Amino acid sequence: MDNNNNWKQRTTLLLGEEKIQRLANAHVLVVGLGGVGAYAAEMIARAGVGKMTIVDADIVQPSNINRQLPALHSTIGKEKATLVAHRLKDINPQIELTVLPIFLKDDNIPELLDAAPYDFIVDAIDTLSPKCFLIFHALQRKLKIVSSMGAGAKSDITQVRFAEINETYHCGLSKAVRKRLQKMGVRRRLPVVFSTEQADPNAVILTENEMNKKSTNGTISYMPAVFGCYLAEYVLKRL
C-alpha cells in the first residue's frame, strides 16, 4: 500500500482490498449535515468512500454546539456544508466532493437525484416536507436510501434500532413521515434508524417564527452522533 493510502490501513485490515475498492468506487449522497448527517458523512468518508455529494443550506448557530460536528464557537455563522467539506477533504484529499449549500424544495429534489448515479442516499433532513419528497422521489427511482428518524428528546443509545418505517414506534417523526408517504401513495419499504425510547415530554417546547419548525427538542451530545453512525454502518455494509 502506498504512503497516500496509509490512512486506510486499519480499514483494509478489517475489510480486505476488494471491499475497500468497492467503497472507493462508490458515490454517496448525504442530505442534511446537522447533528446526525455530519457524523454520517464523516464516518462514510473515513471508511474510504471515493465520491460524495453533501447538501445543507444552514449556517452554524450557537445552539448547534452541544451536538453538531462542525459547530464550534469559531464557526458560528459559517456554512455547515463548507465546514463539513473541509473536514472530508482533510480526511481524504482524493475524495471527489460535490458541495451544495442549498435548501431542498419540492421542485429541486428531482434535479438533485438525477444529477448523478448515486449508489446510496443518506436522508438526515429534520423537516417534514423536504424529507418526504426526497424519500418519495428516491423510491420512485428505485435508489437505495436509508433515513434518520427523530433523535431529539431521547438519551438512551441502547434503544437505537434499524427497522422498516412501518415497524417504528415511540417516534413522532416516524409517524408523521409514514402518514405523509401513505398519502403520497408510497408502497415501497423504507429502512430507517429510530429509537424505541419514549420521548421526554418535558424536553419539548413549542417554537414561533421558525420556518418549517413547530417545536424544539432537547438534545444530548452523543445521541445524534449515534444515529449518524448507524446510518453510516447501514450504507457501508451494503456498499
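Residues numbered from 1 in each chain as written. Predicted model: local features only at pLDDT ≥ 70, side-chain atom pairs only at ≥ 80, totals over all residues. Heavy atoms only, no water.

Enquirer: I'd like a description of the overall build of the protein, backed by residues and values.
Expert: For the protein, the count of helices and strands is eight helices and nine strands. Its C-alpha radius of gyration of 17 Å places the protein within 12% of the 18 Å reference for a compact globule of 239 residues. Principal-axis analysis of the C-alpha atoms gives the protein an extent of 55 × 45 × 35 Å. Burial statistics for the protein: of 239 residues in total, 49% are counted as buried. Considering only contacts in the protein between residues 6 or more positions apart, those separated by 24 or more positions represent 71%. Carbon and sulfur atoms provide 50% of the accessible area of the protein, an area that totals close to 12500 Å². Each charge class in the protein can be summarised by its mean position, and for the 30 positive and 24 negative side chains these summaries are 5 Å apart. (Helix = DSSP H or I, 4+ residues; strand = E, 2+ residues; numbered from the N terminus. Rg over C-alpha atoms; globule rule 2.2 N^0.38 Å. Buried < 20%, exposed > 50% of the residue type's maximum accessible area, 1.4 Å probe, protein only. Contact = heavy atoms within 4.5 Å. Areas by Shrake-Rupley, 256 points an atom, 1.4 Å probe, with all protein chains shown as cover. Lys, Arg positive; Asp, Glu negative; His and termini not counted. Charge placed at Lys NZ, Arg CZ, Asp CG, Glu CD.)

Enquirer: Go over the nonpolar core with me, naming the residues and quoting the values.
Expert: In terms of nonpolar packing, the biggest core is built from 39 residues, with Val28, Met52 and Val122 touching the most fellow members. For this core, the secondary-structure elements that each account for two or more residues are strand 1 (27-31), helix 3 (37-46), strand 2 (51-55), helix 4 (80-91), strand 4 (120-123) and helix 8 (222-238). Considering each element in turn, this core owes the most residues, eight residues, to helix 8. Grouped together as the second largest cluster of nonpolar side chains are 28 residues, Leu112, Ile125, Met149 and Val192 included. (Core = buried A, V, L, I, M, F, W, Y, C linked by side-chain atoms within 4.5 Å.)

Enquirer: How would you summarise a nonpolar patch on the surface if you had to cite specific residues and measurements?
Expert: On the surface, Ile157, Ile220 and Tyr222 cluster together into a nonpolar patch covering about 240 Å² of accessible area. The topology assignment puts Tyr222 in helix 8. A residue is classified by how much of its surface remains accessible, and Tyr222, at 36% relative accessible area, is partly exposed. (Patch = residues over 30% accessible without salt bridge, like charges linked within 9 Å, V, L, I, M, F, W, Y side chains within 5 Å. Salt bridge = Lys/Arg side-chain N within 4 Å of Asp/Glu carboxyl O.)

Enquirer: Account for the side chain of Ser147, with residues named and values stated.
Expert: Within the fold, Ser147 resides in strand 5 (residues 145-148). At 2.3 Å, the side chain of Ser147 forms a polar contact with the side chain of Asp123. (Polar contact = N/O pair within 3.5 Å; in protein donor to acceptor, adjacent residues only side chain to side chain.)

Enquirer: An account of the pattern of salt bridges is requested, with residue identities and associated values reported.
Expert: Enumeration according to the criterion identifies eight salt bridges in this entry. Between Glu42 and Arg87 there is a salt bridge whose closest N-O contact spans 2.7 Å. In this pair, Glu42 is assigned in helix 3 and Arg87 in helix 4, connecting sequence segments 45 residues apart. When the shortest N-O distance is used, the salt bridge between Asp114 and Arg141 registers 2.7 Å. Of the two residues, Asp114 sits in the loop between helix 5 (109-113) and strand 4 while Arg141 sits in the loop between helix 6 (128-140) and strand 5, which places them 27 residues apart along the sequence. Owing to a relative accessible area of 52%, Asp114 belongs among the exposed residues under this scheme. Classification of Arg141 by relative accessible area gives partly exposed; the value is 28%. Salt bridges sharing common partners tie together Glu42, Arg46 and Arg87.

Enquirer: Before we move on, could you go through the packing of helix 3 against helix 8 and cite the residues and values that matter?
Expert: The contact between helix 3 and helix 8 brings their axes to 7 Å, and the two run at 40°. Regarding the angle of helix 3 to helix 8, the classification is oblique. The interaxial crossing formed by helix 3 with helix 8 has right-handed handedness. Where helix 3 abuts helix 8, its residues Tyr39, Ala40, Met43 and Ile44 lie against Ala225, Gly228, Cys229, Leu231, Ala232, Val235 and Leu236. Of the residues belonging to the contact of helix 3 with helix 8, the class tally is 10 nonpolar, one polar and no charged. (Axes fitted to C-alpha atoms, helices over the stretch in contact; angles between N-to-C directions. Parallel < 35°, antiparallel > 145°, perpendicular 65-115°, else oblique. Left-handed = near helix turned anticlockwise from the far one by under 90°. Nonpolar A, V, L, I, M, F, W, Y, C, P; charged D, E, K, R; others polar.)

Enquirer: Just give me the short version of the sheet that holds strand 6 (residues 160-164), but keep the residues and values in it.
Expert: A sheet is described by the order of its strands in space; here seven strands give the open sequence 3-2-1-4-5-7-6, paired in mixed fashion. Two strands close off the open sheet at either side, each with one partner strand: strand 3 (96-100) and strand 6. Taken over all neighbouring pairs, the strand axes of this sheet differ in orientation by 15° on average, direction set aside. Bridge count between strand 1 and strand 4: four bridges; the pairing is parallel. Paired with Leu29 across the two strands is Ile121, which belongs to strand 4. (Pairing = 2+ DSSP bridges.)

Take it as geometry only, folks, not as evidence of what the structure does.
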